[in-house]
Amino acid sequence: MSQLDQKSEAWSALFSEPMSDLVKRYTASVFFDKRLWQADIAGSLAHAAMLAKQGVISATDLADIRRGMEQIRNEIASGAFEWKLDLEDVHLNIEARLTQLVGDAGKRLHTGRSRNDQVATDVRLWLRGEIDLIADLLVGLQKALVGIAEKNVDVVLPGFTHLQVAQPVSFGHHMLAYVEMFARDHERMLDVRRRVNRLPLGAAALAGTTYPLDRESVARELGMEGVCQNSLDAVSDRDFAIEFAAAASLVMVHVSRFSEELILWMSQNFGFIRIADRFTTGSSIMPQKKNPDVPELARGKTGRVVGHLMGLITLMKGQPLAYNKDNQEDKEPLFDTVDTLKDTLRIFAEMIDGITVQPQAMEQAALKGYATATDLADYLVKKGLPFRDAHETVAHAVKAALSHNCDLSELPLAVLQQFHPAIGKDVYDALSLRGSLNARNTLGGTAPAQVRAQIARHKQRLAG
Ligand code: ARG
């Protein structure tokens, strides 16, 4: 271990007093950054292999380092490893144990590197793995949504604008809107991954190093797509973390919008769906209650993830080049973002399977709101009226239906004809919910034929 990286004890030549316990606790990160241990060991092994290849350390040193790391791996995995606050972070803890186990070879590992490039490498390696898991979970969630869409293509839901009944839509179509959102999220995650997957190691503290490093070979060894090309930027860049947090925030915003709909739909006033009991909770005082806790919590946790994005982006504001200790604060928001996102995506995929749709309640609600008024206008346009005149004519018809407290389709033909003589018997096809749905047969529209085509496209896209 390099002398300067050994906390207060090793620095005693320069420092006239030890660090106070409070400062030790304040500056240490080991109790949260120990989660990076696998990435830390992988990075160290790749670095050591390259040092040996370049003749900076001997083959024996490399063998010792590998042997020591193997044991450390087992110790950490089995819970036997003793994490020490005095050793500040995951990097110093592992390096100190390595030196304890293999002696001088352990002390040579840190040649040509610094914790500054080491930690940036570790976070990137770790985050890359998490992004892959999140991408898979996003696929799982899309599959669940496509599944419920497929079962409910012909179920009619009142589509809303301004939360006022607007036009009938297929429930399947509505579900596929969320599939589009999560498909974009998946795409965004893979795009962020490209910038996460670049290697800072070899930038050393900030300026590069005097040893003949082969950074490209380390990048290849670690499966990274490239090397960070400027040492100052390499150690201080956290854009990748911010980008990830932004992509994660958008996922949560989509989850939150969906949650809001589930909560509304589950309320007595809508009664559009039921959610399986295992995703709801009761009340401690009101015996009749079944509360949608899971969607509500997901909506709440969206604030938490967006908060982490704000935390990370503010963390970087005003930092001069290059590394500053501020950057240690990138970890907890990132970790919590990943944990929250993964749990949420897993639960939602499961919960969707536990949704029961109530088609009659949805149809009743669509019938209450004059959802086919636009269809009557379109009908009149087909009979030769300019659209603006048709719009006005239908407004009168809706007013009449309101005063009779019935739907447009329940008005007798003679009454409808008072609004325009061109109205014939065939108007009732246009005024039915299903007629309205079938008529919207353009690409991306809600006609069941279109919805089925989209489902087929998604299934093919998500297969494998
Ligand atoms: N624990 C530190 C972090 O998370 C590691 C880098 C420390 N570097 C330093 N020069 N103090 O950022």
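For clarity, every value in this text was computed on a predicted model and none was experimentally measured.

J.: Looking at this structure, how should I read the UniProt feature "domain: Fumarate lyase N-terminal" (unreviewed entry) in the protein chain?
T.: Following the UniProt record, one finds the feature "domain: Fumarate lyase N-terminal" (unreviewed entry) at residues 15–307. For the annotated span residues 15–307, helix accounts for 63% and strand for 7% of the residues, and the straight-line distance between the end C-alpha atoms is 39 Å.

J.: Any chance you could explain the environment of A298 here in plain terms?
T.: Here A298 shows up in helix α12 (residues 293–316). It is 9.1 Å that separates the C-alpha atoms of A298 and F348, two residues lying 50 residues apart in sequence.

J.: Looking at this structure, I do not really get the site of the ligand. What am I missing?
T.: Near the ligand the following residues occur: S29, D33, D89, H91, R115, N116, V119, Y323, Q328 and K331. Note that a nitrogen atom of the ligand is positioned 3.4 Å from one of the side-chain N or O atoms of S29. The side chain of N116 places a nitrogen or oxygen atom 2.9 Å from a nitrogen atom of the ligand. Protein chains bury 85% of the 340 Å² of accessible surface belonging to the ligand in isolation.

J.: Can you help me understand the nonpolar core in this one?
T.: Taken as a class, soluble globular proteins show a tendency for nonpolar side chains to be buried jointly. If you look at the biggest cluster of nonpolar residues, it comprises 106 residues, and the most contacted ones within it are M189 and F244. Contact partners of F244, with chain neighbours within four places excluded, come to L127, I131, I134, M189, V192, L334, T337 and V338. If you look at the next biggest cluster of nonpolar residues, it comprises 20 residues, including A397, A401, L411 and I423.

J.: Teacher, can you tell me more about the packing of helix α11 (residues 239–266) against helix α13 (residues 331–353) here?
T.: In helix packing, the relevant descriptors are the interaxial angle and the interaxial distance, both defined with respect to the helix axes. Two elements in contact, α11 and α13, have axes whose closest approach is 10 Å; the angle formed by their N-to-C orientations is 35°. Seen along the crossing, α11 lies across α13 with a hand that is left-handed. Along the contact surface, α11 presents A241, F244, A248, V251, M252, V255, F258, S259 and L262, while α13 presents L334, T337, V338, T340, L341, T344, L345, F348, M351 and I352. For the contact of α11 with α13, the per-class residue count stands at 15 nonpolar, four polar and no charged.

J.: Mind showing me how you'd approach the confidence of the model for the protein chain here?
T.: Regions with low pLDDT should not have their predicted coordinates read in detail. Looking at the protein chain, the pLDDT average stands at 95 and 97% of residues meet or exceed 70. Across residues 1–8 the pLDDT falls below 50, and counting only partners more than four positions away or on other chains, this stretch makes 22 contacts in the model.

J.: Whenever I open this one, the pattern of salt bridges confuses me. Can you help?
T.: It is possible for side chains bearing opposite charge to pair when their charged atoms get close. Within this structure, the stated rule accounts for 32 salt bridges. With a closest N to O distance of 2.8 Å, R195 and D191 form a salt bridge. With R195 and D191 both in helix α8 (residues 171–196), this residue pair falls four residues apart, about one helical turn. A residue is classified by how much of its surface remains accessible, and R195, at 25% relative accessible area, is partly exposed. Shared partners join several salt bridges into a network, and the residues in it are E88, D89, R115 and K325.

J.: Can you walk me through the UniProt feature "domain: Argininosuccinate lyase C-terminal" (unreviewed entry) in the protein chain in this structure?
T.: UniProt records the feature "domain: Argininosuccinate lyase C-terminal" (unreviewed entry) at residues 370–438, using the numbering of this structure. Between the C-alpha atoms that bound residues 370–438 the distance is 17 Å, and the span itself is 67% helix and 0% strand.

J.: Explain the pairing of strand β2 (residues 164–170) to me, please; I cannot follow it from the model alone.
T.: Side-chain direction in a regular strand flips from residue to residue, so the side chains alternate between the two faces of the sheet. Both strand β1 (residues 156–161) and β2 contribute to a ladder of six bridges, which runs antiparallel. Bridging from a neighbouring strand, L157 pairs with V169 of β2. The hairpin turn running from β1 into β2, its antiparallel successor, is two residues long, and H162 in that turn takes a positive phi close to 55°.

J.: Can you walk me through the layout of surface pockets in this structure?
T.: It is the rolling of a water-molecule-sized probe over the atoms that shows where space remains empty. For the largest pocket, the calculated volume is near 440 Å³. Taken together, 19 residues line the largest pocket, and the ones lying closest to its centre are M266, S267, Q268, I273 and K290. Within the residue set of the lining of the largest pocket, elements represented by two or more residues are α11 and β5 (273–275). Among the elements that make up the lining of the largest pocket, the one with the highest residue count is β5 (three residues). Of the residues contributing to the lining of the largest pocket, the split by class is six nonpolar, nine polar and four charged. What the second largest pocket holds in volume is close to 360 Å³.

J.: Sorry if this is basic, but what is going on with the side chain of D330 here?
T.: Secondary-structure assignment places D330 in the loop between α12 and α13. Looking at D330, its side chain comes within polar contact range of the side chain of K331, at 2.8 Å. Among residues more than four places away in sequence, those in contact with D330 are V123, R238, L312 and L315.

What counts and how
- Residues numbered from 1 in each chain as written.
- Predicted model: local features only at pLDDT ≥ 70, side-chain atom pairs only at ≥ 80, totals over all residues.
- Heavy atoms only, no water.
- UniProt positions renumbered as here; feature names shortened; annotations may be inferred.
- Helix = DSSP H or I, 4+ residues; strand = E, 2+ residues; numbered from the N terminus.
- Near = heavy atom within 4 Å.
- Polar contact = N/O pair within 3.5 Å; in protein donor to acceptor, adjacent residues only side chain to side chain.
- Areas by Shrake-Rupley, 256 points an atom, 1.4 Å probe, with all protein chains shown as cover.
- Core = buried A, V, L, I, M, F, W, Y, C linked by side-chain atoms within 4.5 Å.
- Buried < 20%, exposed > 50% of the residue type's maximum accessible area, 1.4 Å probe, protein only.
- Contact = heavy atoms within 4.5 Å.
- Axes fitted to C-alpha atoms, helices over the stretch in contact; angles between N-to-C directions.
- Left-handed = near helix turned anticlockwise from the far one by under 90°.
- Nonpolar A, V, L, I, M, F, W, Y, C, P; charged D, E, K, R; others polar.
- pLDDT = per-residue confidence, 0-100.
- Salt bridge = Lys/Arg side-chain N within 4 Å of Asp/Glu carboxyl O.
- Pairing = 2+ DSSP bridges.
- 1 Å grid on protein atoms, 1.4 Å probe; cavity = no way out; pocket = protein on both sides within 12 Å on 5 of 7 lines; lining within 4 Å.
- Points joined across faces, edges and corners; volume = space filled by probe spheres on them.

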